[in-house]
Amino acid sequence: MNNDERRILIIGANSDVALALLPLLHANGHPLLLTSRDRERLQGRVDALALPGPEITTMTLDISDMTAAEAFWQGHAESIQGVFIFAGLMPQQADASGSSELSKQVWATNFTGPARFAELAAATFAERGLGFICALSSVAGERGRAANYTYGSAKAGFSAFLSGLRNRYDRQGVKVITVIPGFMRTKMTQGMPLSGPLTVSAEEAAKSIYKAWIKGRDVTYVPGIWRYIMRVIRNIPEFVFKETNI
Ligand SMILES: NC(=O)c1ccc[n+]([C@@H]2O[C@H](COP(=O)([O-])OP(=O)(O)OC[C@H]3O[C@@H](n4cnc5c(N)ncnc54)[C@H](OP(=O)(O)O)[C@@H]3O)[C@@H](O)[C@H]2O)c1
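These lines cover the structure that appears in this document, whether it is placed above or below. (Residues numbered from 1 in each chain as written. Predicted model: local features only at pLDDT ≥ 70, side-chain atom pairs only at ≥ 80, totals over all residues. Heavy atoms only, no water.)

### With respect to the pairing of strand β4 (residues 80-85)
Step number 1: Across the 6 residues of β4, 6 count as buried, placing the element largely inside the fold.
Step number 2: Alignment of strand β1 (residues 7-11) against β4, held across 5 bridges, turns out to be parallel. Each residue of the ladder has a partner; that of Ile8, found in β4, is Gly82.
Step number 3: Two strands pair when backbone bridges link them, and β4 and strand β5 (residues 131-136) are joined in this way by 4 bridges, in the parallel orientation. Residue pairing across strands places Ile85 opposite Ala135, the latter belonging to β5. (Buried < 20%, exposed > 50% of the residue type's maximum accessible area, 1.4 Å probe, protein only. Helix = DSSP H or I, 4+ residues; strand = E, 2+ residues; numbered from the N terminus. Pairing = 2+ DSSP bridges.)

### Observations regarding the packing of aromatic side chains
Step number 1: This model, assessed by the stated rule, comprises 9 aromatic pairs.
Step number 2: Between Phe183 and Trp226, the ring centres sit 5.0 Å apart and the planes meet at 75°, which makes this aromatic pair edge-to-face. Note that Phe183 is positioned in strand β7 (residues 183-185) and Trp226 in helix α8 (residues 226-234), a separation of 43 residues in sequence.
Step number 3: The ring centre of Phe241 lies 4.0 Å from the NZ or CZ of Arg143, which sits over that ring. (Phe/Tyr/Trp six-rings, centres within 6.5 Å; stacked < 30°, edge-to-face > 60°. Lys NZ or Arg CZ within 6 Å of the ring centre and 35° of its normal.)

### Observations regarding the nonpolar core
Step number 1: Within the largest apolar cluster, 31 residues are counted, with the highest numbers of intra-cluster contacts made by Ile10, Leu25, Leu34, Phe84, Phe86 and Ile209.
Step number 2: Those elements that place two or more of their residues in this core are β1, α1 (16-27), β2 (32-36), α2 (39-49), β5, β6 (174-181) and α7 (202-215).
Step number 3: The element that contributes the greatest number of residues to this core is α1, accounting for 7 residues.
Step number 4: Among all residues touching Leu34, those that are not within four sequence positions of it are Ile10, Ala13, Leu22, Leu42, Val46, Ile56, Thr57, Thr58 and Met59. (Core = buried A, V, L, I, M, F, W, Y, C linked by side-chain atoms within 4.5 Å. Contact = heavy atoms within 4.5 Å.)

### Here we look at the environment of Leu32
Step number 1: Looking at the element boundaries, Leu32 is found in strand β2.
Step number 2: On the basis of relative accessible area, Leu32 is assigned to the buried category, the value being 0%.
Step number 3: Along the backbone, Leu32 and Leu22 are 10 residues apart, and their C-alpha atoms lie at a distance of 8.4 Å.
Step number 4: Setting aside residues no more than four positions away along its own chain, Leu32 makes contact with Ile8, Leu22, Leu25, His26, Glu55, Ile56 and Thr57.

### Regarding the site of the ligand
Step number 1: Around the ligand, the structure places 30 residues, and the nearest of them are Ser15, Ser36, Asp62, Tyr151 and Thr186.
Step number 2: Ile63 is positioned with one of its backbone polar atoms (N or O) 2.9 Å from a nitrogen atom of the ligand.
Step number 3: Here an oxygen atom of the ligand and a backbone polar atom of Gly88 are 3.1 Å apart.
Step number 4: Isolated, the ligand exposes 870 Å² of accessible area, and the fraction of that covered by the protein chains is 94%.
Step number 5: Of all elements in the fold, only α1, α5 (100-128), α6 (149-169) and β7 reach the threshold of two or more residues within the shell around the ligand.
Step number 6: Looking at the shell around the ligand residue by residue, the class counts come to 11 nonpolar, 13 polar and 6 charged. (Near = heavy atom within 4 Å. Polar contact = N/O pair within 3.5 Å; in protein donor to acceptor, adjacent residues only side chain to side chain. Areas by Shrake-Rupley, 256 points an atom, 1.4 Å probe, with all protein chains shown as cover. Nonpolar A, V, L, I, M, F, W, Y, C, P; charged D, E, K, R; others polar.)

### Remarks on the sheet that holds β6
Step number 1: Pairing is parallel in the open sheet, where 7 strands are placed in the order β3-β2-β1-β4-β5-β6-β9. Only two strands of the sheet have a single partner each, and these edge strands are β3 (56-60) and β9 (219-222). Strand-to-strand, the axes of this sheet are offset by a mean angle of 20°, without reference to chain direction.
Step number 2: Note that β5 and β6 share 6 bridges and pair parallel. Bridging across to β6, Ala135 finds its partner in Thr178.
Step number 3: Those strands touched by α7 are β1, β4, β5, β6 and β9, and its axis lies near 165° from that of β9. (Axes fitted to C-alpha atoms, helices over the stretch in contact; angles between N-to-C directions.)

Structural data, given as structure tokens:
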């Protein structure tokens, strides 16, 4: 995307899609800083890829902990050229509905933590006049559904935040890319009945995200057909939608 030789930061790098994106970024010559709540597991998965070339560093970061995230950013901002945010948490709706703690964690992992981090990063990049934030939201954020509205509400907030960030910072050289996946076959969706043609593998998703990043897209759906599906779903009148089981 640019010739900045600083590191690319990936938040939530234990994501199956993030792991599939690593070789693509790395082959492009970018040194990487990867974070996860479980650094040991992440390091094992990175070692297994055995990628030769630029340095890959792993660190611990819980993005739902805003104080820790802010300290992390202050400590590393200077060495970072751009950020991918993959962290996400999607429990069963019944579990989220039954627990204030879990609801809070879902909002903090999918919205408030990543949004605050993106704000800090964007401000740094704006001062530099160069940088990017590429973050994963979800189609779940485009219309609240009975099946996952706690998660969906967090992603809705995150999408709106990213849109505002882009509107504020684009003219200052900060590229904000919102990735809106439909269904991806990863550990997040393991055991869920997923519709074949509307679902992509982690590797296919990573390729689409890489392409969107290279092209500097504003908003990209993965796979692309979800742009049209969501256009229809968003336009279903509420009195009809509330009777459906989509
Ligand atoms: N799979 C889908 O169908 C789908 C659809 C739409 C959107 N998405 C979004 O796409 C992104 C990637 O998801 P994925 O499918 O690759 O799922 P995944 O493999 O489960 O990855 C999600 C990652 O988020 C990390 N995470 C969870 N809580 C965190 C926290 N508090 N701080 C930092 N990291 C945290 C986890 O890593 P650690 O446990 O190592 O911290 C986990 O590896 C997520 O934002 C997800 O919401 C996925």
